[in-house]
Each structure stands twice: as structure tokens, then as C-alpha cells.
2 protein chains.
Amino acid sequence: MEYYSNQINRLISELSSLPGIGAKSAQRLAFHILNLPKENVEKLSMAITEARNHVRCCRECFTLTDDELCPICKNAERDHGTIMVVENSRDLAAYEKTGQYNGVYHVLCGAISPMLGIGPADIRLKELLTRLQKDADEVIIATNSSLEGETTAMYISKLIKPTGIKVTRIASGVPVGGDLEYIDEVTLLRALEGRREL
Amino acid sequence: MEYYSNQINRLISELSSLPGIGAKSAQRLAFHILNLPKENVEKLSMAITEARNHVRCCRECFTLTDDELCPICKNAERDHGTIMVVENSRDLAAYEKTGQYNGVYHVLCGAISPMLGIGPADIRLKELLTRLQKDADEVIIATNSSLEGETTAMYISKLIKPTGIKVTRIASGVPVGGDLEYIDEVTLLRALEGRREL
């Protein structure tokens, strides 16, 4: 690429290594950055390195945070007896955005996947069991509705059931606003199985 | 956003201030960055600040570069008598990618736009005229085919014509592979006006 100078090329190639950013967007972003005031660029670059350097897992629930305990685990007003098990911090955020869940979380940092060679020992399951030895009323399994998520959910429920703690799984079915015509068969069957009396 | 810690929130908000990156992509990028090895994050952040700090305009053609002269203006094998006038460095790169143009460029850093209050004095027109006082055989106007680009093209051609230097405008018409059925009327009329004998 003779048409850009070295540092511009380097910036473009660094940006295009990010997920979902192709060559064109990387170029667009690079020129946007080159035209920003210096202090904004400094802020962007600081935010990147500082977040990466300071972020670690919450001691209790293993979500990514920059303190020892995440804001949710710290919050005394939340119901610490209800633990929702999710695959990662983004799934946690998705439920937090609903604003209706008042329990706490447990982030597995992955899901069991024989295909990718990820076994039960590779995700934060031991830590979940340790947490359950303190008081817990209910474990809500909110892993994804994928093959890996379902496998993980099965595995966890089998693991916890013997302890007598209530284990539930979030419902699977037709999404709100979904048109039956465009929904896959597996989901339709799940929705049928999970039907409730009105 | 209680669900993420401060530094993660800051990173997400910095990323979502970039063009074409919405809240969802910013979140995805942020977690990608948090999971990268530290040295890669350092490289990304360095590329951003270094490019911004070192990049300046080429003394000759005003494209963004990190040296006094850009690689194209430095190249003695290019035809320095043919100057293609473009709006910005990305447009320059678009023509460079064709690999068929052997002249040099002049980057206006904008286009005349009465709507946005950008007049002829706000773009690198004076610098173009200064360049033309040295030898120049042809000025190819390759501003965009938008209202602003066309206005700028008209203005430049009127400015240069009295000097006796040949001024041309890149052709406007049906793009290669384009289906007439889906092409707007203005383009169809342009293509008709610009028809050539076979």
C-alpha cells in the first residue's frame, strides 16, 4: 500500500484486526481518528490500555470489573440468595438492562464445548459450587440456547440438584414480536413443550 | 450502567463515539480488547496515538502522511505534470488502488459547500494554483459526483482555464456491472450526455 504512509497503514491494520471491522471500515475509522483533536485521541488510547490493564474478574461472580468486587456483588440491596448463571459479562449486561432482575450473577467465562475442547474444568463451575455452600435459594441457569449452552445447563443442573437447591432454566420459545412463519422448527417445538395454561 | 465497572464503561463510550460503531458493536469491541494479550492492546493504542501525533499534510499535495513529502510526491517515476485533484486522502487511495494512474495528486481537504459554510478559501485551492505555476500539463478534477463535488469542479475549472492548462473531469455515468433498471435518472442522463462513438 504505497498510497498511505507507514503509520497510517499500521493504524489501519491494527483497527482491521478488531472483530467486525473490515478493510473499508478500518480505513474510515483511521481517518476519523487522524482528524480528531489530539486530546480526544489520547483519551481513546488511554481508555483502551487502562481498561485492559486494570480490568479483572470479580472475586465473587467472575464478571469483568476493575475492583475486587463488581458493583452488583457489592450492592447489599440485591438478593444474594438468587444466582443467575450466565456464560459471560455481556450476557449479564443483557439481563441487567431489563432492570427487573434483582438477584446476583455467576459468570462461567465460557460454556462446555466438546468441539472446542472446553470441559467442565475450564469454566468457573468449581467456583459456583463453592458459592453455593454459603446460602443460596435458587440457581437460574441462563446460558445461551445453543448446543454448548444447553449442554452446560444440563451439566450444572445435574451437579446442583443433589444439594437440594432449586435449579431453574430460563424459558425457550418464540421471541416477543416474533412471527411464527419465520421461526425455526426447533424453537417452535420448544415453545410448544413449554406451553402454559392461561 | 451499573452492570459494567467504570473503566469498561469508559472504554465502551469512547469506542461508541467512533463513526459507524453503535452501542452493541462498541460493547463487543470492548470485550474483545479486554480479552486480548496485553502487548496487542499496547500495540493498538500506540498505533492510534503515534499515527495521530506524527501524521501531517504532505508539503506538496496535502495528503495525510508522516513525512514531509508523501510516497507519491517523492516518487520520481511518476508523472509530476499530471495532477489529479481529489477531495481527501481516501479518494486518493481509491484511485491508487486501481494501479493504473501514474500522475500525482492534489488533495483539497474538503469541497466547496455553501450549506456547510465551506468556501473556496477553506480548501487547498490557493496551494493548487501555486503548484500550477511550476510545470503542469493537465489537471484532472476527480472530486465526488455530489452537489459539493460538482460545484468545486466547476469552480476549479473556471479558475484554471485562463492559465491555458488542460483541465479535465472524470466521467460520470453508469457504473460497470450496473443494471440500468436500478440506476437513478440523473446518472442515466449523465451517461447519455457523455456517450461516445464506438
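Residues numbered from 1 in each chain as written. Chains lettered and ligands numbered in written order. Predicted model: local features only at pLDDT ≥ 70, side-chain atom pairs only at ≥ 80, totals over all residues. Heavy atoms only, no water.

Focus on the relation of the copies chain A and chain B
No. 1: For the pair chain A and chain B, the superposition axis carries a translation of 0.0 Å, the fit reaches an RMSD of 0.1 Å, and the rotation angle comes to 179 degrees. The symmetry that links the two subunits is that of a two-fold axis. Considering only C-alpha atoms, the residue of chain A closest to the rotation axis is Ser45(A), which sits at 2.4 Å.
No. 2: Take the interface residues of chain A: 100% of them recur as interface residues in chain B, which is what a same-surface contact looks like. (Least-squares fit on C-alpha atoms with pLDDT ≥ 70 in both. Contact = heavy atoms within 4.5 Å.)

Comments concerning the sheet that holds strand S6 (residues 166-169) of chain B
Paired through their backbone hydrogen bonds, the strands of a sheet run either parallel or antiparallel.
Residues and elements named next belong to chain B.
No. 1: What the four strands build is an open sheet, ordered S4-S3-S5-S6; its pairing is parallel. Bordering the open sheet on either side are strand S4 (103-107) and S6, each of which pairs with just one other strand. Neighbouring strand axes in the sheet, compared pairwise and without regard to direction, differ in orientation by 25 degrees on average.
No. 2: The sheet contact formed by strand S3 (residues 79-86) and strand S5 (residues 138-141) spans four bridges and is parallel. Following the sheet pairing, Val85 is matched in S5 by Ile141.
No. 3: Docked against the sheet, helix H5 (residues 89-98) engages S3 and S4, running at close to 160 degrees with respect to S4. (Pairing = 2+ DSSP bridges. Helix = DSSP H or I, 4+ residues; strand = E, 2+ residues; numbered from the N terminus. Axes fitted to C-alpha atoms, helices over the stretch in contact; angles between N-to-C directions.)

A word on the interface of chain A and chain B
No. 1: With 54 residues of chain A at the interface, the matching set in chain B holds 54 residues.
No. 2: When chain A packs against chain B, the two sides together hide about 5400 Å² of surface, and 63% of this comes from carbon and sulfur.
No. 3: Glu14(B) is paired through a salt bridge with Lys43(A); the nearest N and O atoms lie 3.8 Å apart.
No. 4: Elements with a contribution of two residues or more to the side of chain A that touches chain B: helix H1 (6-16), helix H2 (23-34), helix H3 (38-54), strand S2 (64-65), helix H4 (71-74) and helix H5 (89-98) of chain A.
No. 5: When residues in the side of chain A that touches chain B are grouped by element, the largest group, 15 residues, is from H3(A).
No. 6: By residue class, the composition of the side of chain A that touches chain B is 25 nonpolar, 15 polar and 14 charged. (Buried area = accessible area lost by both parts, 1.4 Å probe. Salt bridge = Lys/Arg side-chain N within 4 Å of Asp/Glu carboxyl O. Nonpolar A, V, L, I, M, F, W, Y, C, P; charged D, E, K, R; others polar.)

Some thoughts on the packing of helix H6 (residues 125-133) of chain A against helix H7 (residues 147-160) of chain A
Relative orientation and spacing of two packed helices are given, respectively, by the angle between their axes and the distance between those axes.
Residue and element names in this part refer to chain A.
No. 1: One can describe the packing of H6 onto H7 by two numbers: an axis separation of 12 Å at closest approach and a directional angle of 35 degrees. Here the hand of the crossing between H6 and H7 comes out right-handed. Two secondary-structure elements touch here, H6 through Leu125, Leu128, Leu129 and Leu132 and H7 through Tyr155, Ile156, Leu159 and Ile160.
No. 2: Taken together, the residues of the contact of H6 with H7 break down into eight nonpolar, no polar and no charged. (Left-handed = near helix turned anticlockwise from the far one by under 90°.)

Describing the packing of aromatic side chains
Geometrically, a pair of aromatic rings is defined through the distance of the ring centres and the angle of the planes.
All names here are of chain A.
No. 1: A complete count under the given rule lists four aromatic pairs over all chains for this structure.
No. 2: When the ring of Tyr4 is compared with that of Phe31, the centres are 5.2 Å apart and the planes differ by 55 degrees; the resulting orientation is tilted. One end of the pair, Tyr4, is in the segment before H1; the other, Phe31, is in helix H2, with 27 residues separating them in the sequence. The same class applies to Tyr4 and to Phe31, which are both buried. (Phe/Tyr/Trp six-rings, centres within 6.5 Å; stacked < 30°, edge-to-face > 60°. Buried < 20%, exposed > 50% of the residue type's maximum accessible area, 1.4 Å probe, protein only.)

Re the domain arrangement of chain A
No. 1: Segmentation of chain A into domains returns domain 1 (6-54) and domain 2 (70-197).
No. 2: Placing a centre on the C-alpha atoms of domain 1 of chain A and another on those of domain 2 of chain A gives a separation of 35 Å. (Domains from an automatic or database assignment.)

So, the pairing of strand S6 (residues 166-169) of chain A
Residues and elements named next belong to chain A.
No. 1: With four bridges connecting them, strand S5 (residues 138-141) and S6 associate as parallel partners. Along S6, the bridge assignment pairs Val139 with Val167.
No. 2: The parallel pair S5 and S6, bridged by H7, forms a crossover whose chirality is right-handed. (Right-handed = clockwise from strand over helix to strand, strands pointing away.)

Digging into H3(A)
No. 1: Between the first and last C-alpha of H3(A) there are 24 Å, a value that for 17 residues agrees with the 24 Å anticipated at 1.5 Å per step.
No. 2: Residues of H3(A) that are buried: Val41(A), Leu44(A), Ser45(A), Ala47(A), Ile48(A), Thr49(A), Ala51(A) and Arg52(A).
No. 3: Buried positions along H3(A) lie against H2 of chain A together with helix H1 (6-16), helix H2 (23-34) and helix H3 (38-54) of chain B. (Expected span 1.5 Å × (residues − 1).)

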